[in-house]
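# Per-entry structural report
Chain residues, written in single-letter form:
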Amino acid sequence: MPRLLILCTHNSARSQMAEALARDAARRLGVALEVHSAGTEATRVKEEARAVMAEVGLDLAGHRSKTLWDVPDAQNFDYVITVCDSAAESCPAYPGQTTRRHYPFVDPSGGSLERWREVRDQLKVRFDAVVQALAGGAELPASEEHSPPVTAQ
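Throughout, residues of each chain are indexed from 1 in the direction in which the sequence is written. Selection of residues for local features in this predicted model requires a pLDDT of at least 70, selection of side-chain atom pairs for listing and counting requires 80 or more, and totals for whole chains, interfaces and linings are taken over all residues. Processing note: side-chain calculations cover all non-hydrogen atoms of the structure and skip hydrogens and water entirely.

### Notes on the overall build of the protein chain
- The helix and strand labels rest on DSSP assignments: H or I over at least four residues marks a helix, E over at least two residues marks a strand, and numbering proceeds from the N terminus. Per the secondary structure count, the protein chain includes 4 helices and 4 strands.
- In the protein chain, the order of α-helices and β-strands from amino to carboxyl end is β-α-β-α-β-α-β-α.
- Using C-alpha atoms as the atom set, the radius of gyration is obtained and then compared with a globule rule of 2.2 Å times the number of residues to the power 0.38. Here the protein chain has a C-alpha radius of gyration of 14 Å; the compact-globule value for 153 residues is 15 Å, and the two agree.
- Along the first, second and third principal axes, the C-alpha atoms of the protein chain reach 40 × 30 × 30 Å.

### Re the pattern of salt bridges
- Here, a salt bridge means any Lys or Arg side-chain nitrogen found within 4 Å of an Asp or Glu carboxyl oxygen. Going through the model one piece at a time under the given rule, you end up with 16 salt bridges.
- One salt bridge connects Asp128 with Lys124, and the closest N-O pair in it is separated by 2.6 Å. With Asp128 and Lys124 both in helix α4 (residues 113-135) and 4 residues apart, this pair spans about one turn of that helix.
- Burial here depends on accessible area, computed with a 1.4 Å probe over protein chains only, as a share of the maximum for the residue type. Under 20% is buried, over 50% is exposed, and the range in between is partly exposed. Taking the relative accessible area as the measure of exposure, Lys124 reaches 34% and is therefore partly exposed.
- Note that Glu144 is salt-bridged to Arg126, the shortest N-O span being 2.1 Å. Linking Glu144 in the segment after α4 with Arg126 in helix α4, this pair joins segments that are 18 residues apart in sequence.
- Here Arg126 falls in the buried class, since its relative accessible area comes to 13%.

### Comments concerning the packing of helix α1 (residues 14-29) against α4
- Working convention: axes come from line fits to C-alpha atoms, limited for helices to the stretch in contact. Angles between N-to-C directions cover 0 to 180 degrees. Running from N to C, α1 and α4 point in directions that differ by 45 degrees, and their axes come no closer than 8 Å. Between α1 and α4, the angle is such that the two are oblique. Judged by the sense of rotation from one axis to the other, the crossing of α1 with α4 is right-handed. Contacts between α1 and α4 involve Arg14, Met17, Ala18, Leu21, Ala22, Ala25, Ala26, Arg28 and Leu29 on the former and, on the latter, Trp116, Val119, Arg120, Leu123, Lys124, Phe127, Asp128, Val131 and Gln132.
- Residue type decides the class: Asp, Glu, Lys and Arg count as charged, Ala, Val, Leu, Ile, Met, Phe, Trp, Tyr, Cys and Pro as nonpolar, and the leftover types, Gly among them, as polar. Taken together, the residues of the contact of α1 with α4 sort by class into 12 nonpolar, 1 polar and 5 charged. Note on terminology: angles under 35 degrees are roughly parallel, angles over 145 are roughly antiparallel, angles of 65 to 115 are roughly perpendicular, and the others are oblique. What makes a crossing left-handed is the near helix being turned counterclockwise from the far one by less than a right angle; a clockwise turn instead makes it right-handed. Residue contacts follow a heavy-atom distance rule, with two residues in contact if any of their heavy atoms lie within 4.5 Å.

### A look at the pairing of strand β2 (residues 34-39)
- Of all 6 residues in β2, 5 are buried; the element is thus mostly enclosed.
- Crossovers are marked right-handed if the path from the first strand over the helix to the second runs clockwise, as seen with the strands pointing away from the viewer. Regarding the hand of the β-α-β motif, the stretch spanning strand β1 (residues 3-8), α1 and β2 is right-handed.

### Considerations on the environment of Ala49
- Here Ala49 shows up in helix α2 (residues 47-54).
- Ala49 sits 35 residues away from Cys84 along the chain, and the two C-alpha atoms are 16 Å apart.
- Contacts of Ala49, omitting those with residues within four sequence positions, involve Ser12, Ala13, Met17, Leu60 and Trp116.

### What about the packing of aromatic side chains?
- Two rings from Phe, Tyr or Trp (for Trp, the six-membered ring) form a pair when their centres are within 6.5 Å of each other. A pair whose planes differ by under 30 degrees is stacked, one over 60 is edge-to-face, and the rest are tilted. Per the stated rule, a full pass over the model turns up 0 aromatic pairs.
- Two limits define a charge over a ring: the Lys NZ or Arg CZ must be within 6 Å of the ring centre, and within 35 degrees of the ring normal. The aromatic ring of Phe77 is capped on one face by Arg3, whose charged end is 4.1 Å from the ring centroid.
- We note Arg126 situated over the ring of Tyr103; from NZ or CZ to the ring centre the distance is 4.2 Å.

Written out as structure tokens, the structure is:
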């Protein structure tokens, strides 16, 4: 089964939401995929992330903020995706078989719930595309340089 790791700085918001969304996409599409998320530092899962994910039927109750070294078999992932620039810059090297991508998203922290929802929805579009690519045996979408714009504050 392919393994996917989603990295962010604190593993408190974007990577947590992306993990749940990728798992949900894999379930919906019938794709066998092991999904984990981690941060370069562990903090806590933000309540706003829990709230906006609950709105779409995804429960983050069992999620906790963790570092890469808290993830099982941390050096053996088929796919490593960073969702913030800081994590991309400090992402460790992986064996040659690892496919890395960088899909940056604006940090919704400090913003309104509407901003959190917009980032959640952008993450859903991106990780649906990732899982669809894996389901079809295609390459993952190319890395991006800039975060999608967020209109809600």
